[in-house]
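Below are the chains, spelled out letter by letter.
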Amino acid sequence: MFIEPRVGNKNYSARRGWIEVICGSMFSGKTEELIRRLNRAKIAKQCVEIFKPAIDTRYHEVDVVSHNANAIRSTPVKLANDMLLLASGCDVVGIDEAQFFDEALVEVCVRLANNGTRVIIAGLDMDYLGKPFGPMPALMAIAEYVTKVHAVCMSCGDIASYSFRKAASVERIVLGETDTYEARCRHCFQEGMKENQK
Ligand code: ADP
Ligand code: MG
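The rules behind these values
Numbers given to residues run from 1 along each chain, matching the order in which its sequence is written. Here every chain gets a letter starting at A, and every ligand a number starting at 1, in the order they are written. Local features in this predicted model are restricted to residues of pLDDT 70 or higher, and side-chain atom pairs are both shown and tallied only at a pLDDT of 80 or more, whereas totals for entire chains, interfaces and linings draw on every residue. With hydrogens and water stripped out, all remaining heavy atoms of the structure feed into the side-chain values. Each helix is a run of DSSP H or I of at least 4 residues and each strand a run of E of at least 2, with the numbering of both proceeding from the N terminus. Taken over C-alpha atoms, the radius of gyration is set against a globule rule of 2.2 Å times the number of residues to the power 0.38. To sort residues, take the accessible area from a 1.4 Å probe on protein chains only and compare it with the maximum for the residue type: under 20% means buried, over 50% means exposed, and anything in between is partly exposed. In what follows, a contact means two residues having at least one pair of non-hydrogen atoms within 4.5 Å. Under this rule, positive means Lys or Arg and negative means Asp or Glu; His and the chain ends count for nothing. Charge placement uses NZ in Lys and CZ in Arg. For Asp and Glu, CG and CD serve respectively. Take the buried residues of types Ala, Val, Leu, Ile, Met, Phe, Trp, Tyr and Cys, join any two whose side-chain atoms come within 4.5 Å, and each joined set is a nonpolar core. Definition used for salt bridges: Asp or Glu carboxyl oxygen within 4 Å of a side-chain nitrogen of Lys or Arg. For each residue, the test is whether any non-hydrogen atom lies within 4 Å of the molecule or strand; if one does, the residue is near. Two N or O atoms form a polar contact when they lie within 3.5 Å of each other; inside protein one atom must be a possible hydrogen donor and the other a possible acceptor, and for residues adjacent in sequence the pair counts only when both atoms belong to side chains. Only the protein chains shown count as cover for residues, and the accessible areas themselves come from Shrake-Rupley with a 1.4 Å probe. For the purposes of this analysis, a disulfide is any pair of cysteine sulfur atoms at a distance within 2.5 Å. Ring geometry is summarised as follows: Phe, Tyr and Trp rings, the Trp one being its six-membered ring, pair when their centres sit within 6.5 Å, and such pairs are stacked at plane angles under 30 degrees, edge-to-face over 60 and tilted between the two. Here, a charge over a ring means that NZ of Lys or CZ of Arg falls within 6 Å of the ring centre while also lying within 35 degrees of the ring normal.

A.B. asks: Residues and numbers for the overall build of the protein, please.
C.D. replies: Check the secondary structure of the protein and you find 5 helices and 12 strands. Taken over the C-alpha trace, the protein has a radius of gyration of 17 Å; the compact-globule value for 198 residues is 16 Å, and the two agree within 12%. Taken across its 198 residues, the protein has 48% of its residues classed as buried. Long-range pairs, those at least 24 residues apart, make up 71% of the contacts in the protein with a sequence separation of at least 6. Counting 25 positive and 25 negative side-chain charges, the protein places the centres of these two groups 4 Å from one another.

Printed below as a string of structure tokens:
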């Protein structure tokens, strides 16, 4: 389990920022883990802001909601740059579904962390083809801490790192749930991809 290096120590004269990334497939518990870390920061009386991309309204317009219905109030933003102004002066910034932002998110996270903010990013590391997703690989490279969480393969029960798309669409972004996607291990993901090509 991830333990914060310095949560809520108000005695530091200079604020120190850093970047954490929580990545994995769909249903792997990224949002759950993000909410856990943000709640702990709130308990430590830190000022916390949570953002998500405005395109992701699957469960709720403003809340960040996990698949087991944990929720936390968030601000939907269209562009990564919008976060700079909205988050100014905050101790901790959480960002969910980070893969949907463009590459500008990387620079935004660096600026926030350099200015003393703890930035916690949750997002899909791979798309439905198993390819690195949007700004996630760059964020993982620049982060101080990277946590990869895993789901359970819906075909065989093994550890799952892939988000398998059941519906036949070639759009990179198709918002969906268990009707559209399922978590799969490497083997069952490959089997499914072969099956889809038939
Ligand atoms: P993520 O943000 O990574 O998509 P969430 O944090 O929203 O994941 O949800 C994780 C929860 O999803 C788990 O605690 C569990 O209740 C549920 N879940 C549904 N399908 C699976 C699966 N295949 N493997 C693991 N957890 C699953
Ligand atoms: Mg999530």
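Still more to cover.
A.B. asks: How would you sum up unusual backbone geometry? Please name residues and give values.
C.D. replies: Of note in this structure, phenylalanine 27 is not a glycine but carries a positive phi near 70 degrees. Mapped onto the elements of the fold, phenylalanine 27 is located in the loop between β1 (18-24) and α1 (30-43).

A.B. asks: Explain the nonpolar core to me, and be specific about the residues and the numbers.
C.D. replies: Judged by nonpolar contacts, the single largest core of 24 residues is most densely connected at Met83, Ile95, Leu105, Ile121 and Leu139. Within the residue set of this core, elements represented by two or more residues are β1, α2 (82-86), β6 (92-95), α3 (104-114), β7 (118-124) and α4 (136-142). Among the elements that line this core, the one with the most residues is α3, at 6 residues. Every residue in contact with leucine 139, bar those within four places of it in the chain, is listed here: Val21, Ala98, Leu105, Val106, Cys109 and Ile121.

A.B. asks: Quick rundown of the side chain of glutamate 20? Include the residues and the values.
C.D. replies: Mapping glutamate 20 onto the fold places it in strand β1. Given the relative accessible area of 0%, glutamate 20 is considered buried.

A.B. asks: Describe in detail the pattern of salt bridges, supporting the description with residues and values.
C.D. replies: With the rule as written, the count across this model stands at 9 salt bridges. Notably, a salt bridge pairs arginine 37 with glutamate 20, separated by 2.9 Å at the nearest N-O pair. One end of the pair, arginine 37, is in helix α1; the other, glutamate 20, is in strand β1, and 17 residues separate them in sequence. In this structure, arginine 37 and glutamate 20 share a single accessibility class: buried. Of the charged contacts, one joins arginine 118 and glutamate 20 as a salt bridge, the two residues approaching to 2.6 Å between their closest N and O atoms. Taken together, the residues span a long stretch of sequence, with arginine 118 in strand β7 and glutamate 20 in strand β1 at a distance of 98 residues. By the burial criterion, arginine 118 is buried, and glutamate 20 matches it. Where salt bridges share partners, they join Glu20, Glu33, Arg36, Arg37 and Arg118 into one cluster.

A.B. asks: Now, about the site of ligand 1: what can you tell me, with residues and values included?
C.D. replies: In the vicinity of ligand 1 there are 15 residues, among which Lys30, Thr31, Glu32, His67 and Val152 approach most closely. Here an oxygen atom of ligand 1 and a backbone polar atom of phenylalanine 27 are 2.9 Å apart. Taking serine 28, its main chain carries an N or O atom lying 3.1 Å from an oxygen atom of ligand 1. Look at ligand 1: alone it shows 580 Å² of surface, and the protein chains cover 76% of it.

A.B. asks: Would you mind going over the state of the cysteines in detail, with residue names and values included?
C.D. replies: Disulfides are covalent bonds that link the sulfur atoms of two cysteine residues. The final tally for this structure, using the stated rule, is 0 disulfides. Here cysteine 185 stays unpaired: no disulfide links it, and the sulfur of cysteine 188, its closest cysteine neighbor, is 3.7 Å away. Given a relative accessible area of 10%, cysteine 188 falls into the buried group.

A.B. asks: Summarise the packing of aromatic side chains; cite the residues concerned and give the values.
C.D. replies: By the definition in use, this model includes 4 aromatic pairs. Look at phenylalanine 2 and tyrosine 145: their rings are 5.5 Å apart centre to centre, the planes differ by 75 degrees, and that puts the pair in the edge-to-face class. Taken together, the positions of phenylalanine 2 in the segment before β1 and tyrosine 145 in strand β8 (residues 145-148) put the pair 143 residues apart, joining distant regions of the chain. Using a relative accessible area of 14% as the deciding quantity, one classes phenylalanine 2 as buried. Measuring from ring centre to ring centre gives 6.4 Å for phenylalanine 164 and phenylalanine 189, while their planes differ by 90 degrees; the resulting arrangement is edge-to-face. Separated by 25 residues along the polypeptide, phenylalanine 164 in strand β11 (residues 162-165) and phenylalanine 189 in helix α5 (residues 186-197) bring together distant segments of the chain. The exposure classification of phenylalanine 164 matches that of phenylalanine 189, with both residues buried. Here the aromatic residues Tyr162, Phe164 and Phe189 are joined through ring pairs into a cluster of three or more. Between the NZ or CZ atom of arginine 165 and the centre of the ring of tyrosine 128, over which it lies, the distance is 3.7 Å. Lying across the ring of phenylalanine 164, arginine 184 places its NZ or CZ 4.0 Å from the centre.

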